[in-house]
Amino acid sequence: MSIEVQLKQLALAMATDTAMRLNVLRSQLQDIERQKLELQKKIETASQSSKRAEEFRPKSGIDYLCPRCWVQHCRNSLLRPIPSTTRQDIFRCGSCGAEFSLDP
Ligand SMILES: [Zn+2]
């Protein structure tokens, strides 16, 4: 086999390796872009949290509402009382599961 043919085969093998790495790199770039979008959404949500906290209404009818769901997701979620062994009232959010121990 001539040197020219051998060099050509090496170039083709390198190109095959590079093509396989290219797919991995594209996949990594897609993951990073997906993470970037998630971060941008979290930043946008966090930047509006103070405004939403000001707008939070802690009660709807006779039910208390979850401050976490409102501030983080702009969502009204009901709090349910759960049994307490202390002097505090404990409420659990039916949506996010957060618990709040509050003085009666
Ligand atoms: Zn919640």
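What counts and how
All chains use their own residue numbering, which begins from 1 and follows the written sequence. Given that the model is predicted, a residue must reach a pLDDT of at least 70 before its local features are reported, and side-chain atom pairs must reach 80 or more before they are shown or counted; all residues, however, enter totals for whole chains, interfaces and linings. In DSSP terms, a helix is any run of H or I states spanning at least four residues, a strand is any run of E spanning at least two, and both are numbered starting from the N terminus. Whether a residue is buried, exposed or partly exposed is read from the other C-beta atoms within 10 Å of its own C-beta, which are placed from the backbone; 20 or more gives buried, 12 or fewer gives exposed, and intermediate counts give partly exposed. Contact definition: two residues whose C-beta atoms, as placed from backbone geometry, lie within 7 Å. Between any two strands, at least two bridges found by DSSP are needed for them to pair. Start and end points for every domain follow an automatic or database-based domain assignment. A fitted line through C-alpha atoms represents every axis, and for helices the fit uses only the stretch in contact; the resulting angles, taken between N-to-C directions, go from 0 to 180 degrees. The span you would expect from a helix comes to 1.5 Å times its residue count less one.

Here we look at the overall build of the chain
A tally of regular secondary structure across the chain gives three helices and five strands. Projecting the C-alpha coordinates of the chain onto the three principal axes gives extents of approximately 90 × 30 × 20 Å. The 104 residues of the chain split such that 4% are buried. Counting contacts in the chain only where the partners sit at least 6 residues apart, residues at least 24 apart contribute 18% of the total.

A closer look at the pairing of strand β3 (residues 79–82)
The side chains of a regular strand alternate between the sheet's two faces. Of the pairings in the sheet, the one linking β3 to strand β4 (residues 89–93) comprises four bridges and is antiparallel in character. Its bridge partner being in β4, Pro81 is matched across the sheet by Phe91.

Description of the domain arrangement of the chain
Looking at the assigned domains, one finds that the chain contains domain 1 (1–47) and domain 2 (52–102). Taking only C-alpha atoms into account, the centre of domain 1 sits 46 Å from that of domain 2.

Details of unusual backbone geometry
One non-glycine residue, Cys74, adopts positive backbone phi at about 55°. Looking at where Cys74 falls in the secondary structure, it is placed in the loop between α3 (67–73) and β3. By C-beta crowding, Cys74 is classed as exposed, having 12 other C-beta atoms within 10 Å.

Regarding the sheet that holds β3
Taken together, three strands build an open sheet; the order of strands is β3-β4-β5 and the sheet is antiparallel. Looking at which strands have only one partner, the edges of the open sheet turn out to be β3 and β5 (99–102). Looking at each pair of strands side by side, their axes are set apart by 30° on average, direction ignored.

Some words on helix α1 (residues 3–47)
Compared with the 66 Å implied by 1.5 Å per residue over 45 residues, the 64 Å span of α1 between its first and last C-alpha is a close match. With zero of 45 residues buried, α1 is to be regarded as a mostly surface element.

Here's the deal with the environment of Ser49
Along the chain, the position of Ser49 falls in helix α2 (residues 49–55). Sequence separation between Ser49 and Glu33 is 16 residues; the distance between their C-alpha atoms is 24 Å.

What to know about the pairing of β5
Note that β4 and β5 share four bridges and pair antiparallel. Bridging from a neighbouring strand, Ile90 pairs with Ser101 of β5. The antiparallel pairing of β4 with β5 creates a hairpin that spans five residues between the two strands, and Gly97 there sits at a positive phi of about 85°.

Observations concerning the environment of Leu102
For Leu102, the location among the structural elements is in strand β5. For Leu102, a count of 11 C-beta atoms within 10 Å translates into the label exposed. As for Leu102 and Lys41, which are separated by 61 residues in sequence, their C-alpha atoms are 31 Å apart. Once you skip the residues sitting within four places of it in the chain, Leu102 turns out to touch Gln88, Asp89 and Phe91.

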